[in-house]
Amino acid sequence: MSVNEKMTAIADAIRDKTKGTEPLTLDGMATEIQKVFEEGKATERDEFWGGLQDYGNEIGRNYYYFFAYTRFTDALYNPEYPIICSEVANGGQNVFYNTCLTDTKVPIYANSLNIGGMFYRARQMKYIRGLVLKESTTFANAFTECNNLEKLIVSGIIGQNGFNVQWSTKLTHDSLMSIINALEDKTADTSGTEWIVTLGDENKAKLTDSELAIAENRGWTVK
């Protein structure tokens, strides 16, 4: 778009704001230009994130390495829909691998069978606004070296071994209880499998014996 076209677009936008009935004073132009500019940014952001996230399609999309490394900063990362990982084999793997982000800002639906490495070495991540799991979800290295994590709200079902947050020693009590409460009842399991969820000693110390017993009564060993 040429400079002339841009100026024409701004003028047209201002006229639309005033409905053509008010004079375009310098003060008015300064105010309306800023409004038009902000609205333009918002529209561009909506279009970008809508396209990137397939407008929140429930089928989900492959988020493999999507927000890894320094591809997004906290300022640029503004998802408008929950992160719904598709059911393909790697749809939820390494999504925030070694990311510089501090906050997921939206919930994550781990429809993928494997969320291995999802937050691997995400050392600056503090807030995971929701992690919805399925009984079949596996977790290899999902939180390895996620050292600064404070809030992790888990819902759905933890039904597989490998859930390990021992590196995340800053987790709140509510976060830890969301993990405990998501554990599937394995008391009827006759496979001989030892079911283990790993919180780490520092996190276990935040829970009472009766709270830890919730996991044990469901057939889990808490390490």
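Notes on the structure in this doc start here. These numbers were taken from a predicted model, which means no experiment stands behind them. (Residues numbered from 1 in each chain as written. Predicted model: local features only at pLDDT ≥ 70, side-chain atom pairs only at ≥ 80, totals over all residues. Heavy atoms only, no water.)

**Let's talk about the overall build of the chain**
Along its length, the chain carries five helices and six strands. Burial statistics for the chain: of 223 residues in total, 39% are counted as buried. Of all intrachain contacts in the chain linking residues separated by at least 6 positions in sequence, the fraction that spans at least 24 positions is 58%. (Helix = DSSP H or I, 4+ residues; strand = E, 2+ residues; numbered from the N terminus. Buried < 20%, exposed > 50% of the residue type's maximum accessible area, 1.4 Å probe, protein only. Contact = heavy atoms within 4.5 Å.)

**Focus: unusual backbone geometry**
Backbone geometry places Asp 54, a non-glycine residue, at a positive phi of 55°. Examined against the element boundaries, Asp 54 turns out to sit in the loop between helix H2 (26–52) and strand E1 (83–84). The backbone phi angle of Tyr 55 is positive, close to 55°, even though this residue is not glycine. Inspection of the secondary structure puts Tyr 55 in the loop between H2 and E1.

**Structural notes on the side chain of Ser 168**
By secondary structure assignment, the location of Ser 168 is in the loop between strand E4 (151–156) and helix H3 (173–182). Since its relative accessible area comes to 0%, Ser 168 is described here as buried. Within polar-contact distance, the side chain of Ser 168 engages the backbone oxygen of Cys 146 at 2.8 Å. The residues contacting Ser 168, other than those within four sequence positions of it, are Phe 143, Cys 146, Asn 147, Leu 149 and Asn 203. (Polar contact = N/O pair within 3.5 Å; in protein donor to acceptor, adjacent residues only side chain to side chain.)

**Focus on the sheet that holds E4**
Spatially, four strands are ordered E1-E2-E3-E4 in an open sheet, and the strand pairing comes out parallel. The two strands at the open ends of the sheet, each matched to only one other strand, are E1 and E4. In terms of strand pairing, E1 meets strand E2 (residues 108–109) through two bridges, oriented parallel. The partner of Ile 84 across the bridge, within E2, is Tyr 109. (Pairing = 2+ DSSP bridges.)

**Observations concerning the nonpolar core**
Among the nonpolar cores identified, the biggest contains 47 residues, and Phe 67, Phe 96, Phe 119, Phe 143, Leu 152, Ile 158 and Phe 163 are the most heavily contacted of them. Taken together, the elements giving at least two residues each to this core come down to strand E3 (127–133), E4, H3, strand E5 (195–197), helix H5 (209–216) and strand E6 (220–222). With five residues, H3 is the single largest residue contributor to this core. Discounting residues that sit within four places of it in the chain, Phe 163 has contacts with Leu 133, Phe 139, Phe 143, Leu 152, Val 154, Ile 158, Ile 179, Val 197 and Thr 198. (Core = buried A, V, L, I, M, F, W, Y, C linked by side-chain atoms within 4.5 Å.)

**Remarks on the packing of H3 against H5**
Between two packed helices, both the angle of their axes relative to each other and the distance between the axes serve to describe the pair. For the pair H3 and H5, the least separation of the axes is 9 Å and the interaxial angle reads 30°. The angle between H3 and H5 falls in the class roughly parallel. In this structure, H3 contributes His 173, Met 177, Ile 180 and Asn 181 to the contact, and H5 contributes Glu 211, Ile 214 and Ala 215. Each residue belonging to the contact of H3 with H5 can be placed in one class, and the counts come to four nonpolar, two polar and one charged. (Axes fitted to C-alpha atoms, helices over the stretch in contact; angles between N-to-C directions. Parallel < 35°, antiparallel > 145°, perpendicular 65-115°, else oblique. Nonpolar A, V, L, I, M, F, W, Y, C, P; charged D, E, K, R; others polar.)

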